[in-house]
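The residues making up each chain are set out below.
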Amino acid sequence: MAVASFVLGLPGLLVLNLILGPIAIVLGGLALLRGTARRGRALLGLTLGVADLAVLAGALAAGHGTLLQLG
């Protein structure tokens, strides 16, 4: 779960951060609760999940909530 948290948190910085961010947070938290041997990756996945949501909040606050504008 620690590796999955990291792998989902990383692309979440660019795309689908509303979906991938919370999933990375939950998986990272569960990995830490279960006492994973890959504690560093779990913490990094947790941090990336929070960063995903921060990027989303920043994009929405700046008025650039859409990634693709047609026309």
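Please read all numbers here as calculations on a predicted model, not as lab measurements.

### A short note on the overall build of the protein chain
Phase 1 of the analysis: For the protein chain, the count of helices and strands is three helices and zero strands.
Phase 2 of the analysis: If you list the helices and strands of the protein chain from N to C, you get α-α-α.
Phase 3 of the analysis: Counting only residues that meet the buried cut, the protein chain has 24% of its 71 residues in that class.
Phase 4 of the analysis: The contacts of the protein chain with a sequence gap of at least 6 include a subset with a gap of at least 24, amounting to 63%.
Phase 5 of the analysis: Within the structure as shown, the protein chain displays about 4600 Å² of accessible surface, and the carbon and sulfur contribution to it stands at 72%.

### Looking at the packing of helix 1 (residues 2-9) against helix 3 (residues 39-61)
Phase 1 of the analysis: Interhelical geometry of helix 1 versus helix 3 gives an angle of 30° and a closest axis separation of 8 Å. Relative to helix 3, helix 1 is oriented roughly parallel. Considering the relative orientation of helix 1 and helix 3, their crossing is left-handed. Residues A2, V3, S5, F6, L8 and G9 of helix 1 lie in contact with helix 3, whose contacting residues are R41, A42, L44, G45, L46, L48 and D52.
Phase 2 of the analysis: When the residues that make up the contact of helix 1 with helix 3 are grouped by side-chain class, the tally is eight nonpolar, three polar and two charged.

### Quick notes on the packing of helix 2 (residues 17-33) against helix 3
Phase 1 of the analysis: Contact pair helix 2 / helix 3: the axes reach a minimum separation of 8 Å and the direction vectors enclose 155°. As far as their axial angle goes, helix 3 and helix 2 are roughly antiparallel. Once helix 2 is placed against helix 3, the crossing between them reads as left-handed. Contacts from N17, L18, L20, G21, P22, A24, I25, G28, G29, A31 and L32 in helix 2 reach R39, A42, L43, G45, L46, G49, V50, D52, L53, V55 and L56 in helix 3.
Phase 2 of the analysis: Taken together, the residues of the contact of helix 2 with helix 3 break down into 14 nonpolar, six polar and two charged.

### A short note on unusual backbone geometry
Phase 1 of the analysis: Of note, L16 is a non-glycine position whose phi angle comes to about 55°, a positive value.
Phase 2 of the analysis: As for its placement among the helices and strands, L16 is situated in the loop between helix 1 and helix 2.
Phase 3 of the analysis: Using a relative accessible area of 53% as the deciding quantity, one classes L16 as exposed.

Thresholds, definitions, all that
- Residues numbered from 1 in each chain as written.
- Predicted model: local features only at pLDDT ≥ 70, side-chain atom pairs only at ≥ 80, totals over all residues.
- Heavy atoms only, no water.
- Helix = DSSP H or I, 4+ residues; strand = E, 2+ residues; numbered from the N terminus.
- Buried < 20%, exposed > 50% of the residue type's maximum accessible area, 1.4 Å probe, protein only.
- Contact = heavy atoms within 4.5 Å.
- Areas by Shrake-Rupley, 256 points an atom, 1.4 Å probe, with all protein chains shown as cover.
- Axes fitted to C-alpha atoms, helices over the stretch in contact; angles between N-to-C directions.
- Parallel < 35°, antiparallel > 145°, perpendicular 65-115°, else oblique.
- Left-handed = near helix turned anticlockwise from the far one by under 90°.
- Nonpolar A, V, L, I, M, F, W, Y, C, P; charged D, E, K, R; others polar.

Honestly, it's all geometry; don't read function into it.
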